[in-house]
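Listed below are the residues making up each chain.
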Amino acid sequence: MLALELMALALLRFPEAPAAFRRGLLQALGEEQRHLALYIGRMEASGVAFGEVAVNDFFWRCLEDMRTPMDFVIRMSLTLEQANLDYSRYYKNIFEILGDTETAAVLAQVHADEIGHVRLGLHWFRQWKEPGAGDWEAFCAGLEGGPGAGPAVLGPSRAKGPEFDREVRLGLGLDAAFVDQLQLWGRSRGRPPTVWWFNPSCEEEIARGKPGHQPTAPLKALQADLAQGMLWLAAREDAVVLERPPSQAWLQEVLAVRGGLPEIADSPAALAGRKLGRLSPWGWSPEAGVRMAGLKGQLTAPGRSEWSPELAPVYAKDGAVALRRRLWEAVRDDPAERAEEWLCAPEGEVCGTVAEVEAACLRWPEAVIKARWKCSGRDMFRRTAEGWTEPRRRWLERTLAAQGAVIVEPWYRRLADFSWHWDAVQEPAAGGGGADPGGQVRLEGRGICRFVTDEAGRFLGTHLGGWQEELGEPLRRFLHGDGRDPRRLPRLKAALGRLLAPVIAPLFEGAGRQEQPVGVDAMIVETPAGPRLQPVVEINPRWTMGRLSLALAAHLHPKSTGQWRILPVAIARALPPDPVRLSGGRWQEGRVYTTDPATAAAVVGVAEIRPR
């Protein structure tokens, strides 16, 4: 009814429009009248009176202020009616599944007529657009500059439905390039988007203490490649900042296996002037604060919007030393936990001078020395009985001068690496105050991820699916107390989460419900007494590759497992074709490139999926 009334409004408002356009519009109006009669007939047969179920006036608000016939064809024909190509077919299929063939037949007729309506609009759109302008550019410009509800409500996302029908669009005459752009277009249709930005050097930026961090050229290339992983963390209503755009071919592949894409922006500045939800960098840092400062006034949801020096201690690796001691104290006196039988003693020292480092290293045959702010196995080294080399001593002196402290811990032979993951949640305080570490911040578990590192602790990849599956029987029995205590690992994680809450509380800014990701690296190690669990290796109050891996694992078929790896670009491009096969929309078997191999300069993320 809204559609036919708006067509009537266009006939009245634009009497000087070409006669052929007005005749086509009159024919479409008659078809909309028939659609309405068919719908009312099916409603009456189902016992529903016309007007009994409330609907909104969205269509009317989008077009009531149209100024030209071009406004009408862009907003009605190429947007709202184009979307109905998908919706009418989608619901036709649902009614067929339900056995309601009469309603399915009505929707089939609507779908057939809608093709003609979109074709009519496309013809006049091409007549009236600026000479030389591409269809996609002219379409977007018309939506952004048109009247009515405005681009925040009526954008290209409104021109498609839940299942995108590519073939019908090509068949009615839309260009393949236009169809590609529309299919890949991602932008929130209502909820202000969360803005994602990949800055994996956040710890190094914090150590520097001020913005302006410039990674080396190889590291910069690596980060640009891995930034595309944020597309798997973001919701389809969000926006991801990618300074290097992925290829359309890869985005089509992601769309097919992910079921929707977030918006992609080439810089934070590209999002200026719009309502936004929250800011979600990989981790907060001085550089993140500067890069995203221009968006602060556009945020509509509570959450952190800038860097504060008070956050630096939260990111420091010496927090793990204190946390593992508190965890040990919380469980050691409980006879049921038998801490000495399966947990490492809480060793490790925070040292502020070379002399303190040397004294700490004497406690263990081999030690690992870490910078206070480091990332992914960088800025750390293993000290053996042979002692210091001159380059390492110079590194130690520079690091102590720049960061004030390093962490010295015993070196263990790793048997397995994994990480615990939570969302730290701040609930609104009863009196409207901000974060309250005494009870308002709590941790909600988001899973456990087992990952693969090299001997230096650098990240190589993760296991997808059940994290204990490939541990081997001896280590699985160890984690479950040789079968006597299958709940001790969940109990330990719960205790760790309670102790983490006050540590993470400074991440929150202001009042209102907020969430922040947090992960804790852990490992099973070899000792003379047998395997032991080191439950706290590092605290990561930010997004991590482990958390990204859990997001990828959510796409797995229940009967499948796999591994996600970061491969050199030459190796990734040489892999034989093995596109992933889906079952019920889930990854069952094959390969998914989680970053774009076509545009990669250094590395490519690759998920290999196989049946269990």
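What counts as what
- Residues numbered from 1 in each chain as written.
- Predicted model: local features only at pLDDT ≥ 70, side-chain atom pairs only at ≥ 80, totals over all residues.
- Heavy atoms only, no water.
- Buried < 20%, exposed > 50% of the residue type's maximum accessible area, 1.4 Å probe, protein only.
- Helix = DSSP H or I, 4+ residues; strand = E, 2+ residues; numbered from the N terminus.
- Arc of directions from axis to C-beta.
- Contact = heavy atoms within 4.5 Å.
- Axes fitted to C-alpha atoms, helices over the stretch in contact; angles between N-to-C directions.
- Parallel < 35°, antiparallel > 145°, perpendicular 65-115°, else oblique.
- Left-handed = near helix turned anticlockwise from the far one by under 90°.
- Nonpolar A, V, L, I, M, F, W, Y, C, P; charged D, E, K, R; others polar.
- Core = buried A, V, L, I, M, F, W, Y, C linked by side-chain atoms within 4.5 Å.
- Salt bridge = Lys/Arg side-chain N within 4 Å of Asp/Glu carboxyl O.
- Pairing = 2+ DSSP bridges.
- Polar contact = N/O pair within 3.5 Å; in protein donor to acceptor, adjacent residues only side chain to side chain.
- pLDDT = per-residue confidence, 0-100.
- Disulfide = S-S within 2.5 Å.
- Expected span 1.5 Å × (residues − 1).

1. Topic: helix 17 (residues 354-361)
Inference 1: Buried residues of helix 17: Val 354, Val 357, Ala 360 and Cys 361, and no others. Here the buried residues of helix 17 occupy an arc of 125° about the axis, which is enough to place them on one side.
Inference 2: Summarising the contacts, the buried residues of helix 17 are in contact with strand 5 (349-351), strand 6 (367-371), strand 7 (380-383), helix 18 (390-403) and strand 8 (406-410).

2. Some remarks on the packing of helix 4 (residues 69-98) against helix 5 (residues 101-128)
Inference 1: Orientation of helix 4 relative to helix 5, taken along the N-to-C sense of each, is 155°, at an axis distance of 8 Å. With respect to their mutual orientation, helix 4 and helix 5 come out roughly antiparallel. Helix 5 is crossed by helix 4, and the crossing has left-handed handedness.
Inference 2: A breakdown of the residues in the contact of helix 4 with helix 5 according to their chemical character gives 18 nonpolar, 8 polar and 5 charged.

3. Section: the nonpolar core
Inference 1: Formed by 60 residues in total, the largest nonpolar core has its most connected members in Tyr 315, Trp 420, Leu 500 and Leu 533.
Inference 2: Top contributing element to this core by residue count: helix 20 (residues 488-504), with 7 residues.
Inference 3: When neighbours within four sequence positions are excluded, Leu 500 is seen to be in contact with Leu 323, Trp 422, Leu 443, Val 518, Val 520 and Ile 539.

4. Comments concerning the pattern of salt bridges
Inference 1: Going through the model one piece at a time under the given rule, you end up with 51 salt bridges.
Inference 2: Here Glu 526 and Arg 413 are joined by a salt bridge, their closest N and O atoms 3.1 Å apart. Separated by 113 residues along the polypeptide, Glu 526 in strand 12 (residues 514-527) and Arg 413 in strand 9 (residues 413-426) bring together distant segments of the chain.
Inference 3: Glu 526 gets classed as partly exposed once you look at its relative accessible area, which sits at 44%.
Inference 4: Across the salt bridge formed by Arg 581 and Glu 589, the nearest N and O atoms sit 3.9 Å from each other.
Inference 5: Look at Arg 581 and you get partly exposed, because its relative accessible area is 36%.
Inference 6: Here the salt bridges do not stand alone but share partners, grouping Asp 423, Glu 427, Arg 442, Glu 444, Arg 446, Arg 513, Glu 515 and Arg 547 into one network.

5. A word on the sheet that holds strand 12
Inference 1: With respect to topology, 9 strands assemble into an open sheet ordered 13-12-9-10-11-14-17-16-15, the strand pairing being antiparallel. Two strands lie at the open edges of the sheet, namely strand 13 (530-540) and strand 15 (581-583), each paired on one side alone. Looking at each pair of strands side by side, their axes are set apart by 30° on average, direction ignored.
Inference 2: Where strand 14 (residues 560-568) meets strand 17 (residues 603-611), 9 bridges bridge the pair, whose relative direction is antiparallel. From the neighbouring strand, Pro 568 faces strand 17, where its bridge partner is Val 603.
Inference 3: Running over the sheet, helix 20 touches strand 9, strand 10 (441-453), strand 12 and strand 13 and is turned about 55° from strand 9.

6. A look at the environment of Arg 278
Inference 1: Relative to the helices and strands, Arg 278 resides in the loop between strand 3 (263-265) and strand 4 (279-281).
Inference 2: Given the relative accessible area of 31%, Arg 278 is considered partly exposed.
Inference 3: Residues Arg 278 and Pro 365, 87 residues apart in the sequence, show an inter-C-alpha distance of 48 Å.
Inference 4: Among the polar contacts listed, one links the side chain of Arg 278 to the backbone oxygen of Pro 302, at a separation of 2.6 Å.

7. Overview of the confidence of the model for the chain
Inference 1: Averaged over all residues, the pLDDT of the chain is 90; the fraction at 70 or higher stands at 95%.
Inference 2: A low-confidence stretch, residues 147-152 stays under pLDDT 50, and its non-local contacts, those more than four residues away or across chains, total 14 contacts.
Inference 3: Between residues 432-439, whose pLDDT stays under 50, and residues either more than four places distant or in other chains, the model counts 13 contacts.

8. With respect to the environment of Ala 529
Inference 1: Checked against the element boundaries, Ala 529 lands in the loop between strand 12 and strand 13.
Inference 2: Accessibility expressed as a relative area gives 59% for Ala 529, which makes it exposed.
Inference 3: In this structure the C-alpha to C-alpha distance between Ala 529 and Glu 341, which are 188 residues apart in sequence, comes to 8.7 Å.

9. Section: the sheet that holds strand 3
Sheets are built from strands paired through backbone hydrogen bonds, the pairs being either parallel or antiparallel.
Inference 1: The 4 strands are arranged 3-2-1-4 in an open sheet whose pairing can be described as parallel. The open sheet has two free edges, formed respectively by strand 3 and strand 4, since each of these has just one partner strand. Taking each pair of neighbouring strands and ignoring which way they run, the sheet shows an average axis angle of 25°.
Inference 2: Two elements, strand 1 (residues 195-197) and strand 4, share 3 bridges in a ladder whose sense is parallel. Among the inter-strand pairings, Trp 196 is bridged to a residue of strand 4, identified as Ser 280.

10. Brief notes about the pairing of strand 8
Inference 1: Across the 5 residues of strand 8, 5 count as buried, placing the element largely inside the fold.
Inference 2: By the alternation rule, side chains of strand 8 split into Val 406, Val 408 and Pro 410 and Ile 407 and Glu 409, which are all buried.
Inference 3: As paired elements, strand 5 and strand 8 share 3 bridges and run antiparallel to each other. Paired with Cys 351 across the bridge in strand 8 is Val 406.
Inference 4: As paired elements, strand 6 and strand 8 share 5 bridges and run antiparallel to each other. Considered in strand 8, the bridge of Val 368 is made with Glu 409.

11. What to know about the pairing of strand 12
Within a regular strand, the side chains alternate between the two sheet faces.
Inference 1: With 11 of 14 residues buried, strand 12 is to be regarded as a mostly interior element.
Inference 2: Sheet topology places strand 9 next to strand 12; 13 bridges connect them, and they run antiparallel. Residue pairing across strands places Asp 423 opposite Pro 517, the latter belonging to strand 12.
Inference 3: In terms of strand pairing, strand 12 meets strand 13 through 8 bridges, oriented antiparallel. Pairing of Ile 524 across the sheet is with Leu 533, part of strand 13.
Inference 4: The turn linking strand 12 back onto strand 13 is made up of 2 residues.

12. Topic: the state of the cysteines
Inference 1: The full count for this structure, using the stated rule, is 0 disulfides.
Inference 2: For the unlinked cysteine Cys 351, the closest cysteine sulfur is that of Cys 361, found at 7.5 Å.

13. Side note on helix 18
Inference 1: Helix length check: helix 18 (14 residues) gives 20 Å between terminal C-alpha atoms against 20 Å at 1.5 Å per residue, within 8%.
Inference 2: Those residues of helix 18 that sit buried are Trp 395, Leu 396, Thr 399, Leu 400 and Gln 403. Down the axis, helix 18 shows its buried residues gathered within 130° of arc, on one side only. Those residues of helix 18 that are exposed and angled more than 90 degrees off the buried face are Arg 398, Ala 401 and Ala 402.
Inference 3: Check the buried side of helix 18 and you find it contacts helix 9 (202-208), strand 5, helix 17, strand 6, strand 7 and strand 8.
Inference 4: Phi turns positive one or two residues past the end of helix 18, at Gly 404, with a value near 85°.

14. Here we look at the side chain of Ser 77
Inference 1: Relative to the assigned elements, Ser 77 resides in helix 4.
Inference 2: Ser 77 sits in the buried class, given a relative accessible area of 3%.
Inference 3: Beyond its immediate sequence surroundings of up to four residues, Ser 77 is in contact with Phe 72, Gln 82, His 117, Val 118 and Gly 121.

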